[in-house]
Amino acid sequence: MGRIGVIGGGLMGSGIAEVCARAGSSVVIHEINAEAAESALGRIQKSLARAVERGKLDDEERDEILGRIDISTDLSDQADRQLVIEAATENESLKKEIFSDLDRVLGPDAIIASNTSSIPITRLAAATGRPGQVVGLHFFNPVPVMALVELVTTVLTDDATAESAAAYAKSLGKTVIRAKDRAGFIVNMLLIPYMIGAVRMYEAGFASAEDIDAGMRLGANHPMGPLELTDFVGIDTTKYVADVLFEEFKDPAYASPPILTRMVEAGLLGRKSGRGFYRYD
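Here the structure is a predicted model, which means the values were calculated and not measured.

*Asks:* Requested: an account of the sheet that holds strand β7 (residues 148-153), with residues and values cited.
*Replies:* Reading across from one edge, β3-β2-β1-β4-β5-β6-β7-β8 is the order of the eight strands in this open sheet, with mixed pairing throughout. Only two strands of the sheet have a single partner each, and these edge strands are β3 (69-72) and β8 (175-180). Geometrically, the sheet is characterised by an average inter-axis angle of 25° between neighbouring strands, direction not taken into account. Bridge analysis of strand β5 (residues 111-114) against strand β6 (residues 134-139) gives three bridges, and the strand direction is parallel. Bridging from a neighbouring strand, Ser-114 pairs with Gly-136 of β6. Lying over the sheet, helix α2 (residues 34-53) contacts β2 (26-30) and β3, oriented at roughly 160° with respect to β3. In the packing of helix α4 (residues 92-105) onto the sheet, contacts are made with β1 (3-7), β4 (83-86), β5 and β6, and the angle to β5 comes to roughly 165°.

Set out below in structure tokens:
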């Protein structure tokens, strides 16, 4: 698959577009307006500039990669894409609308994938007339660095679709792990209770954010403590994923603590807002 579409050029979408273009694919990024599209391209340019500074790319390679990326605000520009990866905001109704629109625009053989970190893929596939050609391709942030992709298949996914999606993800240099379709897949089903447990510990005043994070960094050799990680992922995203998991399993381990709700209501979303469990300049 040499023609790839990416819906949404935020942190995840721009990263996905970059790794696809680095692997030699032609990529069209769709955004809601020209300003957002230019911001997506700017993120990729900055990422590639850092790679040049570190000696991982030369100027000619950077220019070739950028030459394979186009930005667009017209969904019909996705019409010739063989694989389109949706990387919009983690909102089920929005994703369903995107999947429905893509189903009308794309050719009959195209595969539609979602980068969702929590929403069951069957719900998104149901918004299309091609549920056999829908999968989850869950990349991890930062996409150019993180080696993992979760491939999520539903009871309706065609074997050929799953194999094509897995082969393409591997061609990007990623390790592919496979999960059946249930909320949270593999990583977030294990990760979210860990993060929520740290939030509850902090909320109860049992320990400071700094000590909780230092304990897991130095005691368990994690690169980031759980509250640092929550800020990095986004407090709103963490809460949303926890809510999806709790809705699916009704397990108290996934129940979002009140402090997460209050922080989201206050606009304290972590790194992206400048303040969460920590302050960021």
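*Asks:* Now, about the packing of helix α10 (residues 235-249) against helix α11 (residues 258-265): what can you tell me, with residues and values included?
*Replies:* The interhelical angle for the contact between α10 and α11, taken along N-to-C directions, is 135°, at an axis separation of 9 Å. Our classification of the angle between α10 and α11 gives oblique. In the crossing of α10 with α11, the sense of the turn from one axis to the other is left-handed. Between α10, through Ile-235, Asp-236, Thr-238 and Lys-239, and α11, the contact on the second element is made entirely by Leu-260, Thr-261, Met-263 and Val-264. Classifying every residue of the contact of α10 with α11 by side-chain character gives four nonpolar, two polar and two charged.

Parameters at a glance
- Residues numbered from 1 in each chain as written.
- Predicted model: local features only at pLDDT ≥ 70, side-chain atom pairs only at ≥ 80, totals over all residues.
- Heavy atoms only, no water.
- Pairing = 2+ DSSP bridges.
- Helix = DSSP H or I, 4+ residues; strand = E, 2+ residues; numbered from the N terminus.
- Axes fitted to C-alpha atoms, helices over the stretch in contact; angles between N-to-C directions.
- Contact = heavy atoms within 4.5 Å.
- Parallel < 35°, antiparallel > 145°, perpendicular 65-115°, else oblique.
- Left-handed = near helix turned anticlockwise from the far one by under 90°.
- Nonpolar A, V, L, I, M, F, W, Y, C, P; charged D, E, K, R; others polar.

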